[in-house]
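Chains, contacts and geometry: an overview
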Amino acid sequence: MTHKKLQKLCYYAKAWYLAFNDENLIDEPFEAWVHGAVQPSLYHKYRSYGFQLIPMFTGNLSQLPEEFLSFSREIFETYGEYSGDELEKINHQELPWINARKGLKPWQSSNTIISEDDMKTYYRSLIDHE
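Reading guide: rules and limits
Residues numbered from 1 in each chain as written. Predicted model: local features only at pLDDT ≥ 70, side-chain atom pairs only at ≥ 80, totals over all residues. Heavy atoms only, no water. Helix = DSSP H or I, 4+ residues; strand = E, 2+ residues; numbered from the N terminus. Buried < 20%, exposed > 50% of the residue type's maximum accessible area, 1.4 Å probe, protein only. Contact = heavy atoms within 4.5 Å. Areas by Shrake-Rupley, 256 points an atom, 1.4 Å probe, with all protein chains shown as cover. Lys, Arg positive; Asp, Glu negative; His and termini not counted. Charge placed at Lys NZ, Arg CZ, Asp CG, Glu CD. Patch = residues over 30% accessible without salt bridge, like charges linked within 9 Å, V, L, I, M, F, W, Y side chains within 5 Å. Salt bridge = Lys/Arg side-chain N within 4 Å of Asp/Glu carboxyl O. Axes fitted to C-alpha atoms, helices over the stretch in contact; angles between N-to-C directions. Left-handed = near helix turned anticlockwise from the far one by under 90°. Nonpolar A, V, L, I, M, F, W, Y, C, P; charged D, E, K, R; others polar. Core = buried A, V, L, I, M, F, W, Y, C linked by side-chain atoms within 4.5 Å.

1. Section: the overall build of the protein chain
For the protein chain, the helix and strand inventory stands at 6 helices and 2 strands. Seen in sequence order, the protein chain has helices and strands lined up from the N terminus as α-β-β-α-α-α-α-α. Summarising its shape, the C-alpha atoms of the protein chain cover approximately 45 × 35 × 25 Å along the three principal directions. For the protein chain, buried positions account for 35% of its 130 residues. Contacts in the protein chain between residues far apart in sequence, at least 24 positions, make up 72% of those at least 6 positions apart. Only carbon and sulfur atoms are counted for the fraction: they give 54% of the accessible area of the protein chain, which is about 8300 Å². Positive and negative charge centroids in the protein chain, built from 13 and 19 side chains respectively, lie 9 Å apart.

Given below as structure tokens:
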């Protein structure tokens, strides 16, 4: 998996968990960067991989709560088929990222936090339409 794809999958995990459970799965905020939603500490942890694939985690998952693992699998089943670039395009069409980028040119840097309230409202609206 690429760094960009990891960022977007984590963003969608946070967003959908907020929408379904009104709780935060990932405490750290995501910011509206040029290439979509980015969590800065996750970025700094994996940026050394650049465009290369991040090695698969081979550690022990048994210490993670089953609810977290199950939800993570659902997110991957929904978004895992997409590349990082495809997920970026999807993210750029969604209101939470668009709202956080208001007034900025497409190429302008930003560290504006994507509102968790916007995330909840937007993704809940998608649930209501299914």
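2. Concerning a nonpolar patch on the surface
On the surface, Phe-57, Leu-61, Leu-64 and Phe-68 cluster together into a nonpolar patch covering about 370 Å² of accessible area. Mapping Phe-57 onto the fold places it in the loop between helix H2 (40-46) and helix H3 (66-79).

3. A word on the environment of Gly-80
When you line up the elements, Gly-80 lands in the loop between H3 and helix H4 (84-92). The spacing of Gly-80 and Lys-5 is 75 residues in sequence and 8.4 Å in space, taken between C-alpha atoms.

4. Quick word on the side chain of Gln-7
Within the secondary structure, Gln-7 sits in helix H1 (residues 3-21). Excluding residues that lie within four positions of it along the chain, Gln-7 makes contacts with Phe-30, Ala-37, Val-38, Gln-39, Leu-42 and Tyr-43.

5. Some thoughts on the pattern of salt bridges
This model, assessed by the stated rule, comprises 6 salt bridges. Between Asp-85 and Lys-4 there is a salt bridge whose closest N-O contact spans 2.6 Å. Taken together, the residues span a long stretch of sequence, with Asp-85 in helix H4 and Lys-4 in helix H1 at a distance of 81 residues. One salt bridge connects Arg-124 with Asp-22, and the closest N-O pair in it is separated by 3.4 Å. With Arg-124 in helix H6 (residues 116-128) and Asp-22 in the loop between H1 and strand E1 (31-33), this pair connects stretches of sequence that are 102 residues apart. Since its relative accessible area comes to 32%, Arg-124 is described here as partly exposed. Exposure remark for Asp-22: the relative accessible area of 46% places this residue in the partly exposed category. When salt bridges that share partners are traced, they join Lys-4, Asp-85 and Glu-88 into one network.

6. With respect to the packing of H1 against H3
With their axes 10 Å apart at the nearest point, H1 and H3 run at an angle of 115° to one another. Here H1 runs over H3; the crossing is right-handed. Judged by residue contacts, Lys-5, Leu-9, Tyr-12, Ala-13, Trp-16, Tyr-17 and Phe-20 of H1 engage Glu-67, Phe-71, Ile-75, Phe-76 and Tyr-79 from H3. Grouping the amino acids of the contact of H1 with H3 by side-chain chemistry returns 10 nonpolar, no polar and 2 charged.

7. Here's the deal with the nonpolar core
Core analysis: the largest hydrophobic core is formed by 23 residues, its most contacted members being Tyr-11, Tyr-12, Trp-16, Ile-75, Ile-114 and Tyr-123. Listed by contribution, the elements that provide at least two residues to this core are H1, H3, helix H5 (95-100) and H6. Here this core takes 9 residues from H1, the largest share from any one element. Residues in contact with Tyr-11, not counting those within four places in the same chain, are Phe-30, Ala-37, Asn-91, Glu-94, Pro-96, Ile-114, Met-119 and Tyr-123.

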